[in-house]
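# What the coordinates show
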Amino acid sequence: DAGEHESYMRKEMLEQPTTAQAVLRGRLDDRFGTAHLGGLDMDARDLRAVRRVKVLGCGSAYYVGQMGAGLIEELARIPADAEAASEFRYRDPVIEPDTLYVAVSQSGETIDTLLAVQEVRRKGGRCVGLVNVVGSAIARECDGGIYLHAGPEVAVASTKALTNMFLGFALLALQLGRVRDLSIADGRRLVAGLERLPAQIEEVLAGEDDLVEVARGLAEARSLFFIGRVRGFPVAREGAQKFKEISYCHAEAYQTSELKHGPLALIDPDVPTVAVVPHDELTERNVAALHEIAARQGPLVVVTHEEVDLGEVGARRIVVPRNEPELDPILLTIPLQLLAYHAAQHLGHDIDKPRNLAKSVTVE
Ligand code: BG6
């Protein structure tokens, strides 16, 4: 059982500093600034032959897959994107021999993801897995992969497995990058960043008490937006996913840049926005969008870095520590887990077993 914790979700969230270490253990190479992933079963030549990466997963695994595709494109300069595995095989996709397909799944049993893997392999493609459960159906079906070592995850809402999915992608991106043009200096910078991450995750979790009131406020809303750009957009999508899964509030994710092309019409004092605003090259544009929301009296919660100046926006700030910009998405994701958790807790919901949902969906 969840022991002294009131729920598995809380227990699993708090385990993250330890479980994050487990996925990195033995896989980081400080000297050459790269990662070693024996289970991938791909040598340097195979890795160099990859021309495109397509990530497949469902739910949270799909959203973290979008973070992962971003990391791969950024570090390895290989075009990469993520697609909902539940849609993939129904459009008779073209499978290319020089595309690396990556299936992401905590349980390794999600039928939609398994069928997507089978589609890839039936058509002659190479599919590797980022899977938590050892020996699961997806792990067995893939050509090779990276086990996530997050330990058993019980709560429907994925937390520690999701974090390890992100870290698994970081390892893969690093290795793909280093056999290409990613410099040893950049490789070492990222290895050092990954080594710092578990302690920083712990730091974010230690701020839990400060988020309880904010979460309760958000729980009163019937509808809310989660917004972010580029690296921050999948973070917003995952934040909205968690929030709707366990609080049952309507939560919608949008690219901050798209706000003015539609959803701004909905902003008023009853519709809060949770914005992801890291300190990066897009900060200024992000802050400008927050002004648009504030001008319409939309309540704002901003997950951000210390250095970011929000000016006169009048938002509730949630500050997370900075890592390397490429790795920041996972630190920005942790407070969104806590917000969803405390909103659901406030509303008195069954956090570990939200209505209508199953931990793994094994029938089509
Ligand atoms: C869902 C769960 O149906 O399956 C989600 O409700 C989960 O929370 C998704 O993210 C994918 O599961 P898995 O095991 O393939 O990662």
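Note on numbering: residues in each chain are counted from 1, in written sequence order. For a predicted model such as this one, the threshold for reporting local features is a pLDDT of at least 70, and the threshold for listing and counting side-chain atom pairs is 80 or more; totals across whole chains, interfaces and linings nevertheless cover every residue. Hydrogens and water molecules were not included; the side-chain quantities draw on all heavy atoms of the structure.

Taking an unreviewed UniProt entry as the reference, the protein chain is identified by name as Glutamine--fructose-6-phosphate aminotransferase [isomerizing] belonging to Nocardioides zeicaulis. UniProt positions are given in the numbering used here, feature names are shortened, and annotations may be inferred rather than shown by experiment. For the record of the protein chain, the UniProt heading Catalytic activity (unreviewed entry) holds the text "D-fructose 6-phosphate + L-glutamine = D-glucosamine 6-phosphate + L-glutamate".

### Structural notes on the environment of E119
The way it works is that DSSP assigns letters per residue, a run of H or I at least four long becomes a helix, a run of E at least two long becomes a strand, and they are numbered from the N terminus. Relative to the helices and strands, E119 resides in helix 6 (residues 111-122). The sequence separation of E119 and Y90 amounts to 29 residues, and the corresponding C-alpha distance is 9.7 Å.

### Considerations on the nonpolar core
Residues I72, L194 and L339 are the most contacted members of the largest nonpolar core, which totals 91 residues. To form a nonpolar core, buried Ala, Val, Leu, Ile, Met, Phe, Trp, Tyr and Cys residues must be joined to one another through side-chain atoms within 4.5 Å. The classification of residues rests on relative accessible area computed with a 1.4 Å probe and restricted to protein chains. Under 20% of the type maximum is buried, over 50% is exposed, and intermediate values are partly exposed. In this structure, L56, A85, F88 and L114 belong to the second largest nonpolar core, which totals 17 residues.

### A few points about the site of the ligand
If even one non-hydrogen atom of a residue comes within 4 Å of a molecule or strand, that residue is called near it. Around the ligand, the surrounding shell holds 13 residues, and the nearest of these are S105, Q106, S107, T110 and E245. In protein, a polar contact requires one atom able to donate a hydrogen and another able to accept it; more generally it is a pair of N or O atoms within 3.5 Å, and residues adjacent in sequence count only if both atoms are side-chain atoms. Here an oxygen atom of the ligand sits 2.5 Å away from a polar atom, N or O, in the side chain of T110. For the area figures, the Shrake-Rupley method with a 1.4 Å probe applies, and any residue is considered shielded solely by the protein chains shown. For the ligand, the protein covers 90% of the area, taking 390 Å² as the surface of the free molecule. Under the scheme applied here, ten amino acids are nonpolar (Ala, Val, Leu, Ile, Met, Phe, Trp, Tyr, Cys and Pro), four are charged (Asp, Glu, Lys and Arg), and all others, including Gly, are polar. Across the shell around the ligand, the residue classes tally to five nonpolar, six polar and two charged.

### Comments concerning the sheet that holds strand 12 (residues 316-319)
Spatially, 9-8-10-11-12 is the arrangement adopted by the five strands of the open sheet, whose pairing is parallel. Edge positions in the sheet fall to strand 9 (250-255) and strand 12, since each has one partner strand and no second. Recorded for the sheet is a direction-independent mean angle of 20° between the axes of neighbouring strands. Strand pairing requires that DSSP identify at least two bridges connecting the strands. When strand 8 (residues 223-228) meets strand 10 (residues 273-277), the two strands line up parallel, connected through three bridges. Directly across from I227, in strand 10, lies its bridge partner A275. Residues are treated as being in contact if the distance between any of their heavy atoms lies within 4.5 Å. All axes are obtained by fitting lines to C-alpha atoms, using only the stretch in contact for helices, and the reported angles, taken between N-to-C directions, cover 0 to 180 degrees. The sheet strands contacting helix 11 (residues 232-247) are strand 8, strand 9 and strand 10, and the helix crosses strand 9 at an angle near 175°. Its contacts with the sheet put helix 13 (residues 328-347) on strand 8, strand 10, strand 11 (300-304) and strand 12, and the angle it makes with strand 11 is roughly 140°.

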